[in-house]
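# Chain and residue survey
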Amino acid sequence: MKTKIVCLGMLLLLGCSSTKLVSTWKNPDIVLFDAYKVLVVGMTQDENLRTEFETRLTERLNEKGVEAMRSMDLFDVEFTSSEKSEEELSEVEEQLLDKGFDAILFTKVVGTENRRTFRERMNNLNEMYTRFSTDYLEHQDIYYNSEYYETFNIYTVETSLYCICVDKERELIWRSDIDVLEPMKMEKTIESYIRLIANKMGEQDVIF
């Protein structure tokens, strides 16, 4: 049962239904942000959920004329199965720059309604990570720690857009927090979530 819950549990990739926007934040120094090549990262131990989410979001970006690539096509199994250092993440960012990427769209579960279900050190949902490497390092054990989640009711799912542009600070451009609740088909939940963040980014002149 616990394994099943963990598998359901990554991001919105979950098998849950109703999606509700909680908040969005946009870097006040950025009026318009266009990205030409985006890496889509969905943090979860469940490969099927990760594949479904990253594939659908990549397709949505491609439909809008933005070249996108799934992290599962870039990060090998060994990379996501163990803890990485800040130096290793910096190397990844440099590799992304060399491959022409200018942004990372990073999605993960950051909390649940039932505080007993999430580790105490993750209770502060208002913490702002301004760099991809910091955000990734703080949450990377989502990939390999089977005790990251236990039982839960409502997921708070966070999607963050990081710029990794040449000659610019590799900083947070945009972030959304969305609650995902009520069991339903995974496919519909993912589609609902992607539609919601795409519409919101479009309204705020970010990528879409």
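Here the residue index of a chain counts from 1 through its sequence in written order. Confidence filtering applies because this is a predicted model: local features only for residues at pLDDT of at least 70, side-chain atom pairs given and counted only at 80 or more, and all residues used for totals across whole chains, interfaces and linings. In computing side-chain values, all of the structure's heavy atoms are included and hydrogens and water are not.

What follows covers the nonpolar core. Judged by nonpolar contacts, the single largest core of 31 residues is most densely connected at Phe33, Val38, Leu161 and Ile207. Helix and strand definitions follow DSSP, with helices as H or I runs of at least four residues and strands as E runs of at least two, each counted in order from the N terminus. Every element with two or more residues in this core is listed here: strand E2 (37–42), helix H2 (47–63), strand E4 (103–112), strand E5 (155–163), strand E6 (172–180) and helix H6 (186–203). With six residues, H6 is the largest single contributor of residues to this core. A contact between two residues is defined here by any heavy atoms of the two lying within 4.5 Å. Not counting residues within four places of it along the chain, the set of residues in contact with Phe33 comprises Asp102, Ala103, Leu161, Cys163, Cys165, Ile173, Asp205, Val206 and Ile207. Nine residue types can take part in a nonpolar core, namely buried Ala, Val, Leu, Ile, Met, Phe, Trp, Tyr and Cys, and a core is a set of them joined through side-chain atoms within 4.5 Å. Relative accessibility thresholds used throughout: buried, under 20% of the residue-type maximum; exposed, over 50%; partly exposed, between the two (1.4 Å probe, protein chains only).

The next point concerns the packing of H2 against H6. Running from N to C, H2 and H6 point in directions that differ by 40°, and their axes come no closer than 10 Å. The orientation of H2 with respect to H6, classified from their angle, is oblique. Note that H2 runs across H6; the crossing there is right-handed. Taken together, the residues of H6 that come into contact with H2 (itself represented by Leu49, Glu52, Phe53, Arg56, Leu57 and Arg60) are Met186, Glu187, Ile190, Glu191, Tyr193, Ile194, Arg195, Ile197 and Ala198. Note on residue classes: Ala, Val, Leu, Ile, Met, Phe, Trp, Tyr, Cys and Pro are nonpolar, Asp, Glu, Lys and Arg are charged, and everything else, Gly too, is polar. Across the contact of H2 with H6, the residue classes tally to nine nonpolar, no polar and six charged. All axes here are fitted lines through C-alpha atoms, helices being fitted over the stretch that makes contact, and every angle between N-to-C directions spans 0 to 180 degrees. Each angle is binned into one of four classes, with values under 35 degrees roughly parallel, values over 145 roughly antiparallel, values of 65 to 115 roughly perpendicular, and all other values oblique. Left-handed describes a crossing whose near helix is turned anticlockwise from the far helix through less than a right angle; right-handed describes the clockwise counterpart.

Positionally, Thr58 belongs in helix H2. Those residues within four positions of Thr58 in sequence are excluded, and the remaining contacts are Val40, Ala68, Met69 and Arg70.

Put simply, a patch holds well-exposed residues, over 30% relative accessible area, that have no salt bridge, with like charges counted together within 9 Å and Val, Leu, Ile, Met, Phe, Trp or Tyr side chains within 5 Å. Computed with a 1.4 Å probe, the accessible areas rest on the Shrake-Rupley method; for each residue, only the protein chains presented here act as cover. Any carboxyl oxygen of Asp or Glu that lies within 4 Å of a side-chain nitrogen of Lys or Arg is treated as forming a salt bridge with it. Working convention for charge: Lys and Arg count positive, Asp and Glu count negative, and His plus the chain ends are omitted. A charged residue contributes its charge at one atom only: NZ of Lys, CZ of Arg, CG of Asp or CD of Glu. A cluster of acidic residues, Glu86, Glu87, Glu88 and Glu91, forms a negative patch on the protein surface. For Glu86, the position within the fold is in helix H4 (residues 86–98). Taking the relative accessible area as the measure of exposure, Glu86 reaches 49% and is therefore partly exposed.

Here we come to the pattern of salt bridges. One pass over the structure, following the stated rule, counts twelve salt bridges. Two residues, Glu67 and Lys37, come together in a salt bridge whose shortest N-O distance is 3.9 Å. Of this pair, Glu67 sits in strand E3 (residues 67–70) while Lys37 sits in strand E2, placing them 30 residues apart in sequence. Note that Glu158 is salt-bridged to Lys108, the shortest N-O span being 2.8 Å. One end of the pair, Glu158, is in strand E5; the other, Lys108, is in strand E4, and 50 residues separate them in sequence.

Helix span, as expected, comes to 1.5 Å for every residue beyond the first. Helix length check: H4, at 13 residues, gives a terminal C-alpha distance of 19 Å against a target of 18 Å (1.5 Å per residue), a fit within 8%. Within H4, burial applies to Leu89, Val92, Glu93, Leu96 and Leu97. When H4 is viewed along its axis, its buried side chains cluster within an angular range of 140° and face the same direction. Among the exposed residues of H4, those pointing more than 90 degrees away from its buried face are Glu87 and Asp98. The positive-phi residue at the C-terminal boundary of H4 is Gly100, with phi of around 90°. Arc definition: it is the arc formed by the directions from the helix axis to the C-beta atoms.

Moving on to the environment of Gly42. In this fold, Gly42 is placed in strand E2. Residue class for Gly42 comes out buried when judged on its relative accessible area of 0%. Separated by 117 residues in sequence, Gly42 and Thr159 place their C-alpha atoms 9.1 Å apart.

Next up on the list: the environment of Glu93. Positionally, Glu93 belongs in helix H4. Expressed as a C-alpha distance, the spacing of Glu93 and Cys165, which sit 72 residues apart in the sequence, is 9.9 Å.

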